[in-house]
Amino acid sequence: MSKTIFTGNFTQQEPIPEAAIDAAVAVMRSGRLHRYNTAPGDDGEVAHLEQEFAEAVGAKYCLAVASGGYAMGAALRAVGVGPGDKVLTNGFTLAPVPGAIAAVNAVPIYVEVTDALTIDLDDLSAKAKASGANVLLLSHMRGHLCDMDRLMEICDAAGVMVIEDCAHTMGGAWRGVPSGRHGLFGCYSTQTYKHLNSGEGGLLVTDDALMMAKAIMLSGSYMLFERHKAAPPAEAFSQVKYVTPNVSGRMDNLRAAILRPQLADLPAQVARWNALYRAVEEGLRNTPGLQVIERPEEESIVGSSIQVLVPGISASQIEAVVAGCLARGVELKWFGAPEPVAFTSRYDSWRYAPAQSLPETDRILAGLLDMRLPLTFSVEDAAVIAEIIRDEVLTARAD
Ligand SMILES: *Cc1c(COP(=O)(O)O)cnc(C)c1O
């Protein structure tokens, strides 16, 4: 019997919606691409995007910036992280997260991951005490939200400020509270592989007037902060405007124009991602030796990628699964691979940070497979993909 082959492309996103293309063309025709190059009666696309995003997540203030990494860096600077400071973060995340910490010459302290693929709250509590760190850069890696109520209790009790990396959770929520709205700052990315696509871009939200005033000054506002429409009043800037360095990282009107119609579509896109996610999940459930990640009821997910655990599998067996799937058109990432590959890397390859030992994270990553679910796939595709993965896992385990 011939084996099923999948022919879809795992990195092919949908085209930019026509309304966004029209808005982008209008910005180009106007010549006013810089956010502060406004005209009478026109606040500009960036200011509008900030208002709309703030409203979408229920934040008082929003700042649009050049990337998700920039948003995290601005948040770290705004809360006062400086050279040599320790910052708690996830051991299981992607390179821009420890990179943002290293970029302010601070030191990442990695916290273990659990089998639910969320930050280990007991380890967090212990490391908050042991390290004396007063900031957590919390990565909702691959869209998995931990018990955010308990996390905030732990961090509040330990005097730890929380900055949320929501690159994979834009549109998600914990017990109805949008991701990015538990901590002091929420950081989002609008890079092509995230939930809104402007090629590059980022968003930062907070309810704290002083923190947002600092972030706006940092982003390169000069003294034009009154052109922001999702910003605190001018008084909030009086304390910070002379002492906050300009670390330019603004968003431009072209990207904002591309993003606004996509933001309006986000809830519908989330429903489409989740239909793909649930189809793959169903197809993989009850596969001997393979564990789907059961998502808590409190979590509103955005299934733009899916992860499974193959506990106790050997390195050569998991490599055989990845190779077998690839030969049949299904691109999996193995987070336990010793060498960083493309976007995937493990904490021990971030060698600018001090070496740390995370035995639980090692154990979990050794059996962790990951797959993107672009919206160019159909639910039928999702079922075919699940069938192929199931088959290859069973084959590898039998060998
Ligand atoms: C993509 C990503 C970021 C940063 O986004 P950029 O816009 O590429 O800087 C942050 N955290 C995680 C987990 C990411 O995957």
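Residues numbered from 1 in each chain as written. Predicted model: local features only at pLDDT ≥ 70, side-chain atom pairs only at ≥ 80, totals over all residues. Heavy atoms only, no water.

S.K.: Requested: an account of the domain arrangement of the chain, with residues and values cited.
M.R.: Considered domain by domain, the chain is made up of domain 1 (18–261) and domain 2 (266–398). With centres defined by C-alpha atoms, the gap from domain 1 to domain 2 works out at 27 Å. The interface is formed by 35 residues belonging to domain 1 together with 34 residues belonging to domain 2. Across the domain 1/domain 2 interface, buried area totals approximately 3000 Å², and carbon plus sulfur atoms make up 62% of it. Sorting the residues of domain 1 by area buried against domain 2 places Y110, D115 and R142 first, and these three jointly supply 21% of that buried surface. (Domains from an automatic or database assignment. Contact = heavy atoms within 4.5 Å. Buried area = accessible area lost by both parts, 1.4 Å probe.)

S.K.: Lay out the site of the ligand with the relevant residues and their values.
M.R.: With respect to spatial proximity, 16 residues lie near the ligand, and among them G68, G69, H168, S189 and K194 are the closest. Measuring from an oxygen atom of the ligand, one finds a side-chain N or O atom of H168 at 2.6 Å. Comparing atom positions with the cavity grids shows the ligand to sit within the largest pocket. Where the shell around the ligand is concerned, the elements lending two or more residues are α3 (68–78) and α4 (96–103). Counting residues per element, the shell around the ligand draws most heavily on α3, at 3 residues. (Near = heavy atom within 4 Å. Polar contact = N/O pair within 3.5 Å; in protein donor to acceptor, adjacent residues only side chain to side chain. 1 Å grid on protein atoms, 1.4 Å probe; cavity = no way out; pocket = protein on both sides within 12 Å on 5 of 7 lines; lining within 4 Å. Sits in = over half its atoms within 2 Å of the grid points. Helix = DSSP H or I, 4+ residues; strand = E, 2+ residues; numbered from the N terminus.)

S.K.: Explain helix α12 (residues 379–398) to me, using residue names and the numbers behind them.
M.R.: The terminal C-alpha atoms of α12, which comprises 20 residues, lie 29 Å apart, in line with the 28 Å expected from a rise of 1.5 Å per residue. All of the buried residues in α12 are A382, I385, A386, I388, I389, E392, V393 and A396. Viewed along the axis of α12, the buried residues span an arc of 165 degrees, placing them on a single side of the element. Away from its buried face, by an angle of more than 90 degrees, α12 presents the exposed residues E380 and A398. Along its buried surface, α12 packs onto α9 (253–284), α10 (315–327) and β14 (368–372). (Expected span 1.5 Å × (residues − 1). Buried < 20%, exposed > 50% of the residue type's maximum accessible area, 1.4 Å probe, protein only. Arc of directions from axis to C-beta.)

S.K.: Mind laying out the pairing of β14, listing which residues take part and the relevant values?
M.R.: Most of β14 is tucked away: 5 of the 5 residues are buried. Taken together, the 5 bridges between strand β12 (residues 305–309) and β14 define a ladder with antiparallel strand orientation. The residue of β14 that forms the bridge with V308 is L369. The pairing of strand β13 (residues 333–334) with β14 spans 2 bridges and is antiparallel. Bridging across to β14, W334 finds its partner in L369. (Pairing = 2+ DSSP bridges.)

S.K.: Now, about the sheet that holds strand β9 (residues 202–206): what can you tell me, with residues and values included?
M.R.: Strand order across the open sheet formed by 7 strands is β1-β9-β8-β5-β4-β2-β3, with mixed pairing between neighbours. One side of each edge strand has no neighbouring strand; the edge strands of this open sheet are β1 (61–65) and β3 (107–111). Pairs of neighbouring strands in the sheet enclose a mean axial angle of 20 degrees, with direction left out of account. Here 5 bridges tie β1 to β9, and the two strands are oriented antiparallel to one another. (Axes fitted to C-alpha atoms, helices over the stretch in contact; angles between N-to-C directions.)

S.K.: An account of empty space enclosed by the protein is needed here, citing residue identities and associated values.
M.R.: Going through the model one piece at a time under the given rule, you end up with 6 cavities of 30 Å³ or more. The volume enclosed by the largest cavity comes to roughly 70 Å³. Along its surface, the largest cavity is lined by 14 residues, and N90, L117, T118, I119 and S139 are the ones closest to its centre. Partitioning the lining of the largest cavity into residue classes produces 8 nonpolar, 5 polar and 1 charged. The volume enclosed by the second largest cavity comes to roughly 40 Å³. Contributing to the lining of the second largest cavity are L284, I306, Q307, V308, L332, L369, D370, M371 and I389. Put simply, the parts of the chain that give the lining of the second largest cavity at least two residues each are β12 and β14. (Points joined across faces, edges and corners; volume = space filled by probe spheres on them. Nonpolar A, V, L, I, M, F, W, Y, C, P; charged D, E, K, R; others polar.)

S.K.: Lay out unusual backbone geometry in plain terms, naming residues and giving numbers.
M.R.: In the Ramachandran plot, L117 falls in the positive-phi region, its phi being about 70 degrees despite a non-glycine side chain. Here L117 lies in the loop between β3 and α5 (121–131).

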